[in-house]
Amino acid sequence: MIRLDKMLAECGLGSRREVKQLIRKKRVTVNGMQITRDDLKIDEHQDHVAVDDQPVFYHAFRYLILNKPSGVISATEDPRHTTVIDLVHEPIRGLYPVGRLDRDTEGLLLLTNDGPLGHALLSPKKHVSKTYAVTLSRPLTKEDQRKIETGIRLENGEQCRPAVIQIFDELHIQLTITEGKYHQIKRMIAVCGSEVMHLKRLTMGPLTLDSALLPGEYRECTEKEKEALMALRDH
Ligand code: URA
């Protein structure tokens, strides 16, 4: 059993707020009866739900936060290498990683079978922020930091958006970027004449990697995290 508004939101009909509006506007029926209560509990596998007379079939999307270990590739399948999907111990149809982390990069990777969510998180228009912990081979100068903060130009001429930089010590920094160019962090640091020795993603949009998750481990997103993802997807 599941709340009607939750079922509709999980099926991609909009955010919780938007599907409540659908229900209030009498556009939703359950077993042919018009429903106006969004907290109605339905049997998602038995009851016939329709919006504007179009049937809605329940298929709960899955949202997993993986702490990607180094050495594993961000792909759905690969004949020679372990992929992030190989680390999930249950078959979930259509599961894919939202974006890519390099093989030697660790940290937060969202795995889902919600296609529109992946598009939203990766859309260049949404400027979803991602924070990385970076270990450098050589310290950045003040001028390098200024360039990163105002938008650094990569070696091939590509212009980056301004990034936020937090300095912990000479060789340990955090960078927050709002785009996802190929090898972006490594290339930003290379322009500064330094090299990335270790890279770990800590956040992506509303998601944060929790320290309880060891490399290779994953967990289902909480209800709160899912709501934040839905809001991003549907706006
Ligand atoms: N930037 C990189 O250079 N590599 C990653 O894996 C992610 C961001």
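The rules behind these values
Residues numbered from 1 in each chain as written. Predicted model: local features only at pLDDT ≥ 70, side-chain atom pairs only at ≥ 80, totals over all residues. Heavy atoms only, no water. Helix = DSSP H or I, 4+ residues; strand = E, 2+ residues; numbered from the N terminus. Buried < 20%, exposed > 50% of the residue type's maximum accessible area, 1.4 Å probe, protein only. Contact = heavy atoms within 4.5 Å. Areas by Shrake-Rupley, 256 points an atom, 1.4 Å probe, with all protein chains shown as cover. Lys, Arg positive; Asp, Glu negative; His and termini not counted. Charge placed at Lys NZ, Arg CZ, Asp CG, Glu CD. Near = heavy atom within 4 Å. Polar contact = N/O pair within 3.5 Å; in protein donor to acceptor, adjacent residues only side chain to side chain. Nonpolar A, V, L, I, M, F, W, Y, C, P; charged D, E, K, R; others polar. Domains from an automatic or database assignment. Buried area = accessible area lost by both parts, 1.4 Å probe. Salt bridge = Lys/Arg side-chain N within 4 Å of Asp/Glu carboxyl O. Arc of directions from axis to C-beta. Pairing = 2+ DSSP bridges.

1. Section: the overall build of the protein chain
- A count of helices and strands for the protein chain gives six helices and 15 strands.
- Burial status across the protein chain gives 46% buried among its 235 residues.
- Summarising the internal contacts of the protein chain: among those between residues at least 6 apart in sequence, 62% fall at separations of at least 24.
- Roughly 12600 Å² of accessible area belongs to the protein chain as shown, and the carbon and sulfur atoms make up 52% of that amount.
- Here the protein chain contributes 35 positive and 34 negative side-chain charges, whose respective centroids are spaced 4 Å apart.

2. Things to note about the site of the ligand
- With respect to spatial proximity, the complete set of residues near the ligand consists of Leu101, Asp102, Thr105, Tyr132, His183, Gln184, Ile185, Lys186 and Leu199.
- Separating a nitrogen atom of the ligand from a backbone N or O atom of Ile185 is a distance of 3.1 Å.
- Relative to its unbound accessible surface of 240 Å², the ligand loses 95% to contact with the protein.
- At three residues, the largest contribution of residues to the shell around the ligand is made by helix H5 (residues 184–191).
- Counted by class, the shell around the ligand contains four nonpolar, three polar and two charged residues.

3. Brief notes about the domain arrangement of the protein chain
- When its domains are assigned, the protein chain resolves into domain 1 (2–56), domain 2 (63–124 + 207–233) and domain 3 (130–204).
- Taking only C-alpha atoms into account, the centre of domain 1 sits 29 Å from that of domain 2.
- At the interface, five residues of domain 1 touch four residues of domain 2.
- Between domain 1 and domain 2, roughly 380 Å² of surface is buried when both sides are summed, and carbon and sulfur atoms account for 43% of that area.
- For Lys6, the salt bridge identified is with Glu223, shortest N-O distance 3.7 Å.
- Here domain 1 and domain 2 share two residue pairs in polar contact (both at pLDDT 80 or more) between them.

4. Some details on H5
- Of all the residues in H5, the buried ones are Gln184, Ile185, Met188 and Ile189. Down the axis of H5, the sector holding all buried residues measures 125°, keeping them to one side.
- As for H5, its buried residues are in contact with strand E10 (130–136), helix H4 (142–150), strand E12 (172–177) and strand E13 (196–204).
- Gly193 sits one or two positions beyond H5 and adopts a positive phi of about 75°.

5. Focus on the environment of Arg146
- Here Arg146 lies in helix H4.
- Spatially, the C-alpha atoms of Arg146 and Glu220 are 38 Å apart, while their sequence positions differ by 74 residues.

6. So, the sheet that holds strand E2 (residues 28–30)
- The strand order across the open sheet built from four strands is E3-E2-E5-E6, with neighbouring strands paired in antiparallel fashion. Both outer strands of the open sheet, strand E3 (33–34) and strand E6 (54–56), are each paired with one neighbouring strand and no more.
- Sheet topology note: the strand E5 (residues 49–51)/E6 ladder contains three bridges and is antiparallel. If you follow Val51 over to E6, its bridge partner there is Gln54.

7. Topic: the pairing of strand E9 (residues 106–112)
- The element E9 is largely enclosed, with a buried count of seven among its seven residues.
- Alignment of strand E7 (residues 63–68) against E9, held across six bridges, turns out to be antiparallel. Bridge pairing in E9 places Tyr63 opposite Thr112.
- Where strand E8 (residues 96–97) and E9 come together, two bridges link them in antiparallel fashion. Each residue of the ladder has a partner; that of Tyr96, found in E9, is Thr112.

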